[in-house]
2 protein chains.
Amino acid sequence: MSASVNSSSATVNKFLNGINDNYGGVVVQMNEPMDPQLFASLLKSSISHWRQQAKKGVWIKLPIELANLVEPAVKEGFWFHHAEPNYLMLVYWIPGGANTLPANASHRVGVGAFVMNGKREVLVVQENSGRFRGTGIWKFPTGVVDEGEDICVAAVREVKEETSIDTEFVEVLAFRQSHQSFFEKSDIFFLCMLRPLSFDIQKQESEIEAAEWMPLEEYAAQPYVQNQELLKYIVDICSAKVDTRGYHGFSPVPTTSAFSDKKHYFYLNSVDLKRH
Amino acid sequence: MSASVNSSSATVNKFLNGINDNYGGVVVQMNEPMDPQLFASLLKSSISHWRQQAKKGVWIKLPIELANLVEPAVKEGFWFHHAEPNYLMLVYWIPGGANTLPANASHRVGVGAFVMNGKREVLVVQENSGRFRGTGIWKFPTGVVDEGEDICVAAVREVKEETSIDTEFVEVLAFRQSHQSFFEKSDIFFLCMLRPLSFDIQKQESEIEAAEWMPLEEYAAQPYVQNQELLKYIVDICSAKVDTRGYHGFSPVPTTSAFSDKKHYFYLNSVDLKRH
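Nothing here was measured: the structure is a model prediction, and the numbers come from that model.

Section: helix 6 (residues 229-242) of chain A
Moving on, step 1. Here helix 6 of chain A is 14 residues long and its end C-alpha atoms lie 20 Å apart, about the 20 Å a rise of 1.5 Å per residue gives.
Moving on, step 2. Residues Leu 230, Leu 231, Ile 234, Val 235, Ile 237, Cys 238, Ala 240 and Lys 241 of chain A constitute the buried set of helix 6 of chain A.

Put into structure tokens, the structure is as follows:
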């Protein structure tokens, strides 16, 4: 990706290597170190080249090792699109005017797990770090969905990690969207029901102070739960779910998308759909 | 936030101004330009100061105007946490070992709108840009949820923008989670039902080629819809929803969270919950 000498003509490349994307734009993936001044000069000539080609968005992916190229890119008019621990994505909009570039990721996704055994006891934990440390509050296992992880997989993983209980995913019972929950970002929390496949609890040492099977009524009677509108809704939903009259959430069905053969999950009210 | 001369003692500050966060960490918000060498030196002494104080995560928020400070921060061991167009957030973990820093946002959130009038006609559009350009495919209005926007607000906004139809949000009927849908990020698409409050269509000029009320059967008969597993599910759900036997999605109820008085929406199967 660096400027390279063409051995046949002995001339130096004047442009950065850009790969066309599907939206009339160009993606430059920088892999090798480059002198910042050379980079600035190549960037300038490349933009003018891409402008002649009527290109739209220009993306530059800079690995963190090339942090010295951030400043020259910004000086050429690039701005930040997103960053991951090991790279920064910069972007530039050639046509001028309002850009139609895709937005950065805006949400973190979390899961909470409602797991009930045959004795109407629910799996609860006490956390030994974060907001709940030392409060004695019993809560459902919760966690953050990993990058690229399915919600139904994340819920099973979190329960296993925190309590060693094996479970089978049943349904998403409800979800909450909240804003500015960390930095300026938003959060979607999925309340999930899981069916236990094992019953002997072994709590995780590092984050979990205690874990047990607790009667749902005892969980619900905690002042902390009684005082929170959201948690009261959650208790109502969980009670309705295990009641004979039932509550129907969204269950995952694997399906393919319109644009790829990748399998992904579509979550729907399968009980109501089957009735038709 | 820059190093400042203390007029009474005429000594220069040796540390960056850090504000303690709730997790044993420090947040440094850089506002004013600073010489990169001075920044590197202050960063070094600050880290050693924070280490003595047993601080954990160190966050540095750099506005894009201070892009010249990215390289010195990375040289001191910082890495990228996230970026928005106008700033980069860098982070460092003092204790060593695996860090427990919160993950970056991982998902973009989209909405699709099922809007049906009293004649069993559904609101559909043809897009004049992107993948669907020139295909003649009729589709439900769709869009991306803006930063900080509620799903139920975004669905109403997108329908209004694309067709000028006023609507009232009814339910989330289903949702799909997909991965690597843009860059390495994931996507959650919420299929929403909305009730029309007006009926005269005025299409958006820039992105919409055509918009109309179309019999649901005609929409469903499109080969494009027939050939896509996901779209067939969507048709089944929408048909079930308007059928007399019904399909129950998740409707939004405004509620407060455990940790703030901010209102947010909790989406649940209110029909099943009311029955209890």
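Topic: the packing of aromatic side chains
Moving on, step 1. The tally for this structure, following the rule as stated, stands at 22 aromatic pairs over all chains.
Moving on, step 2. Aromatic side chains Tyr 233 of chain A and Phe 266 of chain B sit 6.1 Å apart centroid to centroid with 50 degrees between the ring planes, which places their arrangement in the tilted category. One end of the pair, Tyr 233 of chain A, is in helix 6; the other, Phe 266 of chain B, is in strand 15 (residues 263-268), on a second chain.
Moving on, step 3. Judged by relative accessible area, Phe 266 of chain B falls into the buried class, the value being 0%.
Moving on, step 4. Arranged with centres 6.1 Å apart and planes meeting at 40 degrees, the rings of Phe 199 of chain B and Trp 213 of chain B form a pair that is tilted. Residue Phe 199 of chain B is located in the loop between strand 12 (185-196) and strand 13 (208-215), and its partner Trp 213 of chain B is located in strand 13; the two are separated by 14 residues in the primary sequence.
Moving on, step 5. Lys 61 of chain A extends its terminal NZ or CZ atom over the ring of Tyr 87 of chain A, reaching a point 4.3 Å from the ring centre.

Remarks on unusual backbone geometry
Residue and element names in this part refer to chain A.
Moving on, step 1. At Ala 54, a position not held by glycine, the phi torsion is positive, near 60 degrees.
Moving on, step 2. Notably, Ser 164 is not glycine yet its phi reads approximately 70 degrees, a positive angle.
Moving on, step 3. Examined against the element boundaries, Ser 164 turns out to sit in the loop between helix 3 (151-163) and strand 11 (167-182).
Moving on, step 4. Residue class for Ser 164 comes out partly exposed when judged on its relative accessible area of 21%.

Points about the environment of Lys 185 of chain B
Moving on, step 1. With respect to the helices and strands, the residue Lys 185 of chain B is situated in strand 12.
Moving on, step 2. Classification of Lys 185 of chain B as buried rests on a relative accessible area of 3%.
Moving on, step 3. Lys 185 of chain B sits 77 residues away from Arg 108 of chain B along the chain, and the two C-alpha atoms are 7.4 Å apart.
Moving on, step 4. When sequence neighbours within four positions are dropped, the list of residues in contact with Lys 185 of chain B reads Glu 84, Ala 105 and Glu 147 of chain A together with Asn 104, Ala 105, Ser 106, His 179 and Gln 180 of chain B.
Moving on, step 5. A polar side-chain atom of Lys 185 of chain B sits 3.4 Å from a polar atom in the side chain of Glu 147 of chain A.
Moving on, step 6. Within the local environment of Lys 185 of chain B, its side chain forms a polar contact with the backbone oxygen of Ala 105 of chain B, the two atoms lying 2.7 Å apart.

A word on the sheet that holds strand 4 (residues 26-29) of chain B
Residue and element names in this part refer to chain B.
Moving on, step 1. Here we have five strands laid out as an open sheet, ordered 3-4-5-7-6, and mixed in their pairing. Only two strands of the sheet have a single neighbouring strand rather than two, namely strand 3 (19-20) and strand 6 (79-84).
Moving on, step 2. The pairing of strand 4 with strand 5 (residues 57-63) spans four bridges and is parallel. The residue bridging Val 28 from the neighbouring strand is Ile 60, located in strand 5.
Moving on, step 3. Here helix 1 (residues 36-52) sits on the sheet in contact with strand 4, strand 5 and strand 7 (87-93), set at roughly 155 degrees to strand 5.

Digging into the domain arrangement of chain A
Where interface size is given, it is often the accessible area lost as the parts come together that is meant.
Moving on, step 1. For chain A, the assigned domains read domain 1 (18-93) and domain 2 (107-267).
Moving on, step 2. The C-alpha centroid of domain 2 of chain A is placed 41 Å from the C-alpha centroid of domain 1 of chain A.

Examining the relation of the copies chain A and chain B
Moving on, step 1. Relative to chain B, chain A is turned by 180 degrees and slid 0.0 Å along the rotation axis, the superposed coordinates differing by an RMSD of 0.1 Å. Such a combination of rotation and displacement between the chain copies is what one expects of a two-fold axis.
Moving on, step 2. Of all interface residues in chain A, 100% are interface residues in chain B too; the two copies therefore contact each other through one and the same surface.

Observations regarding the interface of chain A and chain B
Moving on, step 1. Taken residue by residue, the interface counts 89 residues in chain A and 89 residues in chain B.
Moving on, step 2. For the pair chain A and chain B, the summed buried area comes to about 8000 Å², and 62% of that belongs to carbon and sulfur atoms.
Moving on, step 3. On the chain A side of the contact with chain B, Phe 80, Phe 175 and Phe 266 of chain A bury the most area, a combined 9% of that side's loss.
Moving on, step 4. At the boundary of chain A with chain B, the tally comes to four salt bridges.
Moving on, step 5. One salt bridge in this structure joins Glu 147 of chain B and Lys 185 of chain A, with 3.4 Å as the shortest N-O distance.
Moving on, step 6. At the junction of chain A and chain B, the tally comes to 35 residue pairs in polar contact (both at pLDDT 80 or more).
Moving on, step 7. In terms of residue count, the dominant contributor to the side of chain A that touches chain B is strand 11 of chain A (ten residues).
Moving on, step 8. Across the side of chain A that touches chain B, the residue classes break down as 47 nonpolar, 23 polar and 19 charged.

What to know about the pattern of salt bridges
Residue and element names in this part refer to chain A.
Moving on, step 1. Counting across every chain of the model gives 32 salt bridges over all chains.
Moving on, step 2. In this structure, the salt-bridge partner of Glu 158 is Arg 157, at a minimum N-O distance of 3.2 Å. Of the two residues examined, Glu 158 and Arg 157, each falls in the buried class.
Moving on, step 3. Two residues, Glu 161 and Arg 157, come together in a salt bridge whose shortest N-O distance is 3.2 Å. Of the two residues, Glu 161 and Arg 157 both sit in helix 3, four residues apart, roughly one turn of that helix.
Moving on, step 4. Beyond isolated ion pairs, a larger network of salt bridges with shared partners links Asp 146, Glu 149, Arg 157, Glu 158 and Glu 161.

Rules behind the numbers
Residues numbered from 1 in each chain as written. Chains lettered and ligands numbered in written order. Predicted model: local features only at pLDDT ≥ 70, side-chain atom pairs only at ≥ 80, totals over all residues. Heavy atoms only, no water. Helix = DSSP H or I, 4+ residues; strand = E, 2+ residues; numbered from the N terminus. Expected span 1.5 Å × (residues − 1). Buried < 20%, exposed > 50% of the residue type's maximum accessible area, 1.4 Å probe, protein only. Phe/Tyr/Trp six-rings, centres within 6.5 Å; stacked < 30°, edge-to-face > 60°. Lys NZ or Arg CZ within 6 Å of the ring centre and 35° of its normal. Contact = heavy atoms within 4.5 Å. Polar contact = N/O pair within 3.5 Å; in protein donor to acceptor, adjacent residues only side chain to side chain. Pairing = 2+ DSSP bridges. Axes fitted to C-alpha atoms, helices over the stretch in contact; angles between N-to-C directions. Domains from an automatic or database assignment. Least-squares fit on C-alpha atoms with pLDDT ≥ 70 in both. Buried area = accessible area lost by both parts, 1.4 Å probe. Salt bridge = Lys/Arg side-chain N within 4 Å of Asp/Glu carboxyl O. Nonpolar A, V, L, I, M, F, W, Y, C, P; charged D, E, K, R; others polar.

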